[in-house]
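A structural walkthrough
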Amino acid sequence: MNPIINNDDTVQLQELTQNAYAKKIPLRIFGSDTKSFYGNKIQGHPLCLVNHVGIVDYEPAELVLTARAGTKLREIEALLHSAGQMLAFEPPYFGEEATWGGTVACGFSGPRRPYAGALRDSILGVRMINGKGEQLRFGGKVIKNVAGYDASRLMAGALGTLGILLDISVKVIPRPQLEMTLVLEQTPEEAITYMNTLAGGPVPLSAAAYVDGQVLIRLSGTQAAVQAAAVKISGQEHEPSSSFWQQLKEHSHPFFSTETPLWRLSLLPGSPMLKIPGDWMLDWGGAQRWLKTNEPANLIRDAVQAAGGHATLFRQGELKDQQMKDGENTPVFHPLSKPLASVHEKLKTAFDPEYILNRNQLYT
Amino acid sequence: MQTSIDKLIKLTQPGQEADAILRKCVHCGFCNATCPTYQLLGDELDGPRGRIYLIKQALEGNAVTRKTQTHLDRCLNCLACETTCPSGVEYHRLLDIGRNWVDQHVQRSAYDNVRRKLLRGILPYKRRFHFLLSLGQMMSFILPDAVKRAIPARQIRSPWPDKQHQRKMLVLDGCVQPSLAPNINTATARVLAALGISLVKADKAGCCGAVSWHLSAPEEARVFMRQNIDAWWPFIEAGIEAIVMTASGCGSVVKEYGAYLADDKNYAQKARRVSELTKDISEILVNEDLSFFNNTIKNIGKPQRVAFHAPCTLQHGQKITGVVETILQQAGYELTHVPDAHLCCGSAGTYSILQKDLSQQLLINKLKSLENDHPDVIVTMNIGCLNHLASGANTKVLHVVELLEKGLRQGKSLN
Amino acid sequence: MSENRNTLSKQFLQFLPDNAVLTHNEDLHPYECDGLSAYRQVPLVVVIPETIEHIVRIVNICRKTNTPIVCRGAGTSVSGGALPLENGVLLSLAKFNRILNIDPVNRLACVQPGVRNLAISQATQSYGLYYAPDPSSQIACSIGGNVAENAGGVHCLKYGLTVHNILQLKIVTIEGELLTLGGSGLDGPGYDLLALLTGSEGMLGIIVEIVVKLLPVPECASVVLAAFDEIEHAGNAVTEIIASGIIPAGLEMMDRHATRAAEEYVHAGYPDNAAAILLCELDGIKEEVSAQISQVKDILLKHRAVQTRIAKDEVERQLLWAGRKGAFPAVVRLAPDYYCMDGTIPRRKLAFVLNRISELSEEYQLAIANVFHAGDGNLHPLILYDANKPGELHRSEELGGKILELCLEVGGTITGEHGVGVEKLNQMCVQFDTLELSQFHAIKHAFDPDELLNPGKAVPSLHRCAELGAMHVHEGKLPFPDIERF
Ligand SMILES: Cc1cc2nc3c(=O)[nH]c(=O)nc-3n(C[C@H](O)[C@H](O)[C@H](O)COP(=O)(O)OP(=O)(O)OC[C@H]3O[C@@H](n4cnc5c(N)ncnc54)[C@H](O)[C@@H]3O)c2cc1C
Ligand code: SF4
Ligand code: SF4
């Protein structure tokens, strides 16, 4: 049942980290480097997780899976699939070889996110090494656990800056019997209203996106539920259902094939379209919006902030070369207010006093 | 909850009872959620759980002052807390014991004393109250607005039906109700007559004792109770079917006569019998065939939309819920949606006089929720609530039997 | 100390009215405990502020005078989280009880922390929306308290805990600064502080505003009640329902004691002679629910349910849940006091753990009623005792400790939703080792370097654990594996 190799690399990883801590050597933590385009560029002694692999625990009836950080995401998903289950957050890979640890550290969630929860919502516990080389375990392998601060969910999206993830336990869910995608021609404004109206009603929605004048709605659930809902809402069936979502999730959709900088905007799902020139694609029912534009970062960030959201420079594209020339750097992540930045700094210090873990990758 | 009641207090019967009640409270705080005063004031001390704690402290022998008394005074005795409590804590019994204890140990201000004595000296007495009310009604042109609003307009009495039926019930003629709204009992008599029941009055009966009881004068209250029992006894022996309460406030007390007089050798048994026979008018009506009313309503055309205010003494005190709603629906009325129906209107017996500010806030909130769905009429089951609501409502407020009787009259004129 | 009290209250009274600053013993006593009344401590002062500005000023005064602050929502915590400190200010959020904004388009509501959990769903009902987490105490507990404890409920198997259902928090830090955590969308920039704050038991900041996520009210909800002659059968049925790919909205179990008490409270017609009953709720689209309900019924019968009953209407459904939700306080119909445990275990260990619990119950001569979130493996053994009998509380605590350690042995946790508070500090020494506890303290210091926010709760001092000499259990590996246990 379990063809995945098993290797626990904890001892070596811990030694390496302790040594780095003692000598204050910055580390660059990575798995298969499929997502190295993301975040601020950093330097550091390489610390590779790909040899720390294997499924530690998986009992389908418990709805819980624990795997080592270097395990391939595709192996995990295949294992779940064979048991009729899946990860709720539909993680993007951005590369065949994507690892479990990198997935969690980046904290990306796919199109199902608004309806089934984010990656961090699935996390139950982690085993990790902090910046002092100490091995720590937070959370657990049960669905509910409030003992101690929730340090494990804090690791999701922290880009390895708070700890080297060793094992991560997540809650998994049953795979729906049926999925169906419906397409409808709409303007972006219509689409925003439409996607949010659907989400406010009893519809087994599992994804809603807008691109190129079309809104796409995915329904998931029991056969009975999906068919009943499909009758009630309009739209042309899009087949196969999975193809569009796969392209959206992996950024292999033509929208993303460009050298223009790509921004990720996190907004209220019902926010009207922002008046920033560029090409738009809406995911998460409007809560996650992709923008291709050459507009300056300030303009984008001000507009997004005014709408209550935040903007990430997801892929730098040409901007990178431009900046290299100009010698200045656009921060990847949305700047924090002063008191919030101070909390971030103190928290980073609490986990990694010498700033050896992925130094500057998140905030500098 | 753990208790350590003062040794001496624990020797007394109330001390033991209080201990038993306190032991049942698990301090879960569910009751605070439905307590009107906690919602308004947001202080643990103004919610049931805090009041229970204050009483516990007092009975454990700690010094009590005006502070504890104030928080107990602010209690409406609405008993929403009792309905909510999953542990079955009998808060009203504990409150009685606690209030008595505190009032014995804490001096009230002279002003407070006078007010409370006055209320006890007037409200329970039909004639005294009637006199003052008439005076107020006559002199209303010189009274300030606020007082004027609280004084209901004079009602014309409609005649009591004189046809005798086989089935007979006794009605409590109360203390303030005959003066404030003489029509309620008459309407009851006419509605019951239409159902083939004669309603009779016992002239010597008077106040049920509620006023004195809730103002910490239990002995005075017991005098009223015995008086009523004496007045009713001949009727009971003659075989009346029930003692009908048209004011749920009185009903909730008369139903407790058995408990309140349990230690009175001469009256205990009779009191129990009285309590057994006591029925709220809704408990009578719900078992009768109301199709006649329904047909009338149908003939008139569009059903009237009615907002029902359930008095606390009905829903929490006597735990009668959903019954009046059934009656109204059977009689062909349409009920409007009333949010927070469990909350007190702020009338609460003498509360509207003694705790004016809180009472007014509750009234405003209550009227908002009653009028929220634009009813044609508001109905209730207790004279205190009725008057209190009418003092601020933009909608007509009636007793449920008054509404039914109106339907009856309309039906007759249609025929 | 009374001097301290006077100087503090004088400062508070500069901006708070008289009735919002309590300093007399008579007034303070009723605040001496939360829902866990076995632990009591009269606070130095109680303050009942009404605005964020008030809170900031209170915090500034406390920081300058080095006075600890304990927040109190509705005081329903059953772990002593809101237990006051002798030298501390108890800050009540009861007056923060307004719903500030309901946004049906974006399906969220912005509320003050003192708003009662249930009040949110009531207020949003007319939009066809509700707030999903429903702790049994939802009628009374505050949303601020829910966030502080990461409260769960009977419906969190499908809809998640508090942390999964909030979008944004405003907190006042001990520095007196107002921070916004999370975003207006589905995430915020930087570390996920929203998650970190959730369940932090008032130790990292004072929650002053919350944006909660609202869900559409399911088109249809249906509940099946099943009675079993043996708890084990019920446990197996639970496992199979989950394994079959159904995620019920709620899946709850009550044993005989609990059922009897709940029945006396609500008269829902629970079978009174069953060893265990299960309540399984399914919700969603009509077609889906009716298909699943018959599937569930088959599974229940297969596992020898002696009786099954489907609630015929909404009234009956609500009644069946009301009994379950009132089950804790209702057990005082069986004994004057109860001590509620909250361990979570892997579901497959259910039968084993329940058997062990009943053995422990005999050993300690204390009856135990079991009410729990079976779907999540979150147990609530209620140890029944009499606080007025000397020694019984102590025995209950010991028994409780044993039960929690049992949960750890099978790979679970000491608290699924009620929080550590003061009550499970010792078991924290068992669940976490020194390094982990130190990391918790470091997190605390990042927010609150002088330990003024609810100090002494949730995370034990290393000193305490050392004194206790507690054995730390990792991953269900026992300190003495050679002892026969299974
Ligand atoms: C009968 C009963 C049943 C229960 N059932 C459940 C259940 O099913 N699921 C569940 O999860 N819990 C349950 N509980 C426990 C309790 O209701 C929850 O823990 C609840 O979240 C506490 O909310 P509260 O407002 O009463 O908080 P409190 O008890 O007042 O406080 C709890 C903690 O939160 C902190 N706090 C409160 N407000 C704030 C704030 N604004 N900012 C910072 N910190 C704050 C306090 O300092 C304290 O540490 C139950 C309790 C009872 C009595
Ligand atoms: S009787 Fe009414 S006012 Fe008094 S404590 Fe109970 S709920 Fe509150
Ligand atoms: S609801 Fe009942 S048990 Fe709970 S605190 Fe109130 S009176 Fe006590």
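Note that the structure is a prediction, hence the values are computed from the model and not measured.

1. Notes on the overall build of chain C
- The helix and strand tally for chain C stands at 17 helices and 18 strands.
- For 486 residues, the compact-globule formula gives about 23 Å, and the C-alpha radius of gyration of chain C, at 23 Å, lands near that figure.
- Along the three orthogonal principal directions, the C-alpha set of chain C runs to about 65 × 55 × 45 Å.
- By residue count, 65% of the 486 residues in chain C fall in the buried class.

2. Brief notes about the interface of chain A and chain C
- Across the boundary between the two partners, chain A contributes 71 residues, which contact 82 residues of chain C.
- Between chain A and chain C, a total of about 6,400 Å² is buried, with carbon and sulfur atoms accounting for 61% of that surface.
- In terms of surface lost to chain C, no three residues of chain A exceed Lys144(A), Val146(A) and Tyr149(A), which account for 15% of the buried area on that side.
- Seen at the junction of chain A and chain C, the total is 7 salt bridges.
- The shortest N-O distance in the salt bridge between Arg120(A) and Asp192(C) comes to 2.6 Å.
- The tally of links between chain A and chain C comes to 27 residue pairs in polar contact (both at pLDDT 80 or more).
- Looking at which element gives the most residues to the side of chain A that touches chain C, the answer is helix 12 (residues 338-351) of chain A, with 9 residues.
- Tallied by class, the residues present in the side of chain A that touches chain C amount to 38 nonpolar, 17 polar and 16 charged.

3. With respect to the site of ligand 3
- As a matter of local geometry, ligand 3 sits amid 13 residues, with Cys25(B), Val26(B), Cys28(B), Cys31(B) and Cys85(B) nearest to it.
- Looking at the shell around ligand 3, its residues break down into 9 nonpolar, 3 polar and 1 charged.

4. Considering the pattern of salt bridges
Residue and element names in this part refer to chain C.
- As enumerated under the stated definition, the model contains 63 salt bridges over all chains in all.
- Lys-444 is paired through a salt bridge with Asp-448; the nearest N and O atoms lie 2.7 Å apart. Each member of the pair, Lys-444 as well as Asp-448, carries the same accessibility label: buried.

5. Regarding the pairing of strand 7 (residues 135-139) of chain A
All names here are of chain A.
- Strand direction decides the pairing type here: strand 6 (residues 123-129) and strand 7, joined by 5 bridges, are antiparallel. Bridging across to strand 7, Ile-129 finds its partner in Gln-135.
- Between strand 6 and strand 7, which pair antiparallel and follow one another directly, the connecting turn spans 5 residues, one of which, Gly-133, has a positive phi of 80°.

6. A short note on unusual backbone geometry
- Cis peptide bonds are those with omega within 30 degrees of zero, and the linkage from Glu239(A) to Pro240(A) qualifies with -10°.
- With respect to the helices and strands, the residue Pro240(A) is situated in the loop between strand 12 (236-238) and helix 9 (241-250).
- Its identity as a non-glycine residue notwithstanding, Glu451(C) has a phi of 55°, on the positive side.
- Locating Glu451(C) in the fold gives a position in the loop between helix 16 (434-447) and helix 17 (462-468).

7. Looking at the interface of chain B and chain C
- Chain B puts 35 residues into the contact, and the matching count from chain C is 41 residues.
- For the pair chain B and chain C, the interface holds 4 salt bridges.
- Here Asp386(C) and Arg23(B) are joined by a salt bridge, their closest N and O atoms 2.2 Å apart.
- If you list the elements that add at least two residues to the side of chain B that touches chain C, you get helix 2 (13-24), helix 3 (36-41), helix 4 (48-59) and helix 5 (66-73) of chain B.
- With 5 residues, the single largest contributor to the side of chain B that touches chain C is helix 4 of chain B.

8. Some remarks on the site of ligand 1
- Near ligand 1 you find 37 residues, and of these Cys71(C), Gly73(C), Thr76(C), Ser137(C) and Ser142(C) are the closest.
- Neighbouring residues of ligand 1 are not confined to one chain but are distributed across chains B and C.
- Summarising the interface, the protein chains cover 100% of the accessible area of ligand 1, which totals 960 Å² for the free molecule.
- The set of elements that each furnish at least two residues to the shell around ligand 1 consists of strand 3 (69-72), helix 5 (143-149), strand 10 (206-213) and helix 12 (327-330) of chain C.

9. Some points on the sheet that holds strand 6 (residues 334-335) of chain B
Residue and element names in this part refer to chain B.
- Taking strand neighbours across the sheet as the criterion, the 4 strands line up as 6-5-7-8 in an open arrangement whose pairing is parallel. Strands at the two margins of the open sheet, each flanked by one partner only, are strand 6 and strand 8 (396-399).
- Where strand 7 (residues 377-380) lies against strand 8, 4 bridges are found, and the strand directions are parallel. Within the sheet, the bridge partner assigned to Ile-378 lies in strand 8 and is Val-397.

10. Brief notes about the domain arrangement of chain B
Residue and element names in this part refer to chain B.
- With domains assigned, chain B is organised as domain 1 (7-105) and domain 2 (290-413).
- The C-alpha-based centres of domain 1 and domain 2 are spaced at 30 Å.
- Between domain 1 and domain 2, the contact holds 15 residues from the first and 16 residues from the second.
- With both chains or domains summed, domain 1 and domain 2 bury close to 1,200 Å², and 69% of this area falls on carbon and sulfur atoms.
- A per-residue breakdown of the area domain 1 buries against domain 2 is headed by Leu-40, Leu-76 and Cys-78, which together make up 41% of the total.
- Linking domain 1 with domain 2 are 1 salt bridge.
- One salt bridge in this structure joins Glu-82 and Lys-319, with 3.8 Å as the shortest N-O distance.

11. Structural notes on the nonpolar core
- Core analysis: the largest hydrophobic core is formed by 152 residues, its most contacted members being Leu65(A), Trp100(A), Leu169(C), Leu193(C) and Leu300(C).
- With sequence-adjacent residues up to four places away left out, Leu169(C) is seen in contact with Val147(C), Leu179(C), Thr180(C), Leu181(C), Leu194(C), Leu197(C), Ile207(C), Glu209(C) and Ile210(C).
- Counting 92 residues, the second-largest nonpolar core is a separate cluster that includes Val171(B), Ala187(B), Val306(B) and Val401(B).

12. Focus: the side chain of Thr10(A)
Residues and elements named next belong to chain A.
- Looking at where Thr-10 falls in the secondary structure, it is placed in helix 1 (residues 10-23).
- Reaching out from Thr-10, the side chain makes a polar contact with the side chain of Arg-127 at a distance of 3.1 Å.
- The contact partners of Thr-10, leaving out residues within four places of it in the chain, are His-52, Arg-127, Ile-129, Gln-135 and Leu-166.

13. Considerations on the state of the cysteines
Residue and element names in this part refer to chain C.
- In the structure shown here, the tally under the stated rule is 1 disulfide over all chains.
- Here Cys-429 is linked by a disulfide to Cys-465, with a sulfur-sulfur distance of 2.0 Å. The S-S bond linking Cys-429 to Cys-465 shows a torsion near -75°; that makes this disulfide left-handed. With Cys-429 in helix 15 (residues 425-431) and Cys-465 in helix 17, this residue pair connects regions lying 36 residues apart in the sequence.
- A relative accessible area of 4% means that Cys-429 is categorised as buried.
- Of all cysteine sulfurs, the one in Cys-71 lies closest to Cys-110, which takes part in no disulfide; the gap is 18 Å.
- Look at Cys-110 and you get buried, because its relative accessible area is 11%.

14. Looking at the sheet that holds strand 3 of chain C
- Across the sheet, 4 strands lie side by side as 1-2-4-3 (chain C); this open sheet has mixed pairing. Because the sheet does not close on itself, it has two edges, and the strands there are strand 1 (21-22) and strand 3 of chain C.

15. A few points about the environment of Gly221(A)
All names here are of chain A.
- Here Gly-221 is to be found in strand 11 (residues 214-221).
- Separated by 93 residues in sequence, Gly-221 and Met-128 have C-alpha atoms that sit 35 Å apart.
- Beyond its immediate stretch of four places on either side in the chain, Gly-221 contacts Pro-176, Gln-177, Leu-178 and Val-226.

16. Observations concerning the packing of aromatic side chains
Residues and elements named next belong to chain A.
- Applying the stated rule across the entire model yields 22 aromatic pairs over all chains.
- Ring plane angle 70° and centroid distance 6.4 Å describe the contact between Phe-37 and Tyr-38, whose orientation is recorded as edge-to-face.
- Ring geometry for Phe-333 against Tyr-363: centres 6.1 Å apart, planes inclined by 55°, an arrangement best described as tilted. A residue pair is termed long-range when its members are at least 10 positions apart, and Phe-333 in the loop between helix 11 (318-326) and helix 12 and Tyr-363 in the segment after helix 12 qualify at 30 residues.
- Judged by its relative accessible area of 7%, Phe-333 falls in the buried class.
- For Tyr-363, a relative accessible area of 23% puts it in the partly exposed group.
- Three or more aromatic residues joined by ring pairs form one cluster here, namely Phe-37, Tyr-38, Phe-94, Phe-108, Phe-255, Phe-256, Trp-290, Phe-314, Phe-333 and Tyr-363.
- Between the NZ or CZ atom of Arg-113 and the centre of the ring of Trp-284, over which it lies, the distance is 5.7 Å.

Criteria and cut-off values
- The residue numbering used here restarts from 1 in each chain and proceeds along that chain's sequence as written.
- As a convention, the first chain written is A and the first ligand written is 1, with the rest following in written order.
- Given that this is a predicted model, residues contribute local features only at a pLDDT of at least 70 and side-chain atom pairs are listed and counted only at 80 or more, while totals for whole chains, interfaces and linings are drawn from all residues.
- Hydrogen atoms and water are omitted, and side-chain values are computed over all heavy atoms in the structure.
- Secondary structure elements are defined from DSSP: runs of H or I of at least 4 residues count as helices, runs of E of at least 2 residues count as strands, and each element is numbered from the N terminus.
- The reference for a compact globule is 2.2 Å times residues^0.38; the radius of gyration itself is calculated from the C-alpha atoms.
- Classification of residues uses two cut-offs on accessible area relative to the type maximum, computed with a 1.4 Å probe and protein chains only: under 20% is buried, over 50% is exposed, and between them is partly exposed.
- Whether two residues are in contact is decided by their heavy atoms, any of which lying within 4.5 Å being enough.
- Note on definitions: buried area is the accessible-area loss of two parts on being combined, 1.4 Å probe, summed for both.
- A pair is scored as a salt bridge if a Lys or Arg side-chain nitrogen falls within 4 Å of a carboxyl oxygen belonging to Asp or Glu.
- Here a polar contact is recorded for every N or O atom pair within 3.5 Å, except that within protein the pair must consist of a potential hydrogen donor and a potential acceptor, and residues adjacent in sequence are included only if both atoms are side-chain atoms.
- When residue character is reported, Ala, Val, Leu, Ile, Met, Phe, Trp, Tyr, Cys and Pro are called nonpolar, Asp, Glu, Lys and Arg charged, and the others, Gly included, polar.
- Whether a residue is near a molecule or strand depends on its heavy atoms: it is near if one of them lies within 4 Å of it.
- Only when DSSP finds a minimum of two bridges between them are two strands counted as paired.
- All accessible areas in this document rest on Shrake-Rupley with a 1.4 Å probe, and a residue is counted as covered only by the protein chains that are shown.
- An automatic or database domain assignment is the source of the domain bounds shown.
- Nonpolar cores were defined as sets of buried Ala, Val, Leu, Ile, Met, Phe, Trp, Tyr and Cys residues, with membership established by side-chain atoms within 4.5 Å.
- Our working definition of a disulfide is a cysteine sulfur pair at a distance within 2.5 Å.
- A pair of Phe, Tyr and Trp rings is counted when the ring centres sit within 6.5 Å of each other, with Trp represented by its six-membered ring. The angle between the planes then sorts it: under 30 degrees is stacked, over 60 is edge-to-face, the rest tilted.
- The criterion is that NZ of a Lys, or CZ of an Arg, lies within 6 Å of the ring centre and within 35 degrees of the ring normal, and then a charge sits over that ring.

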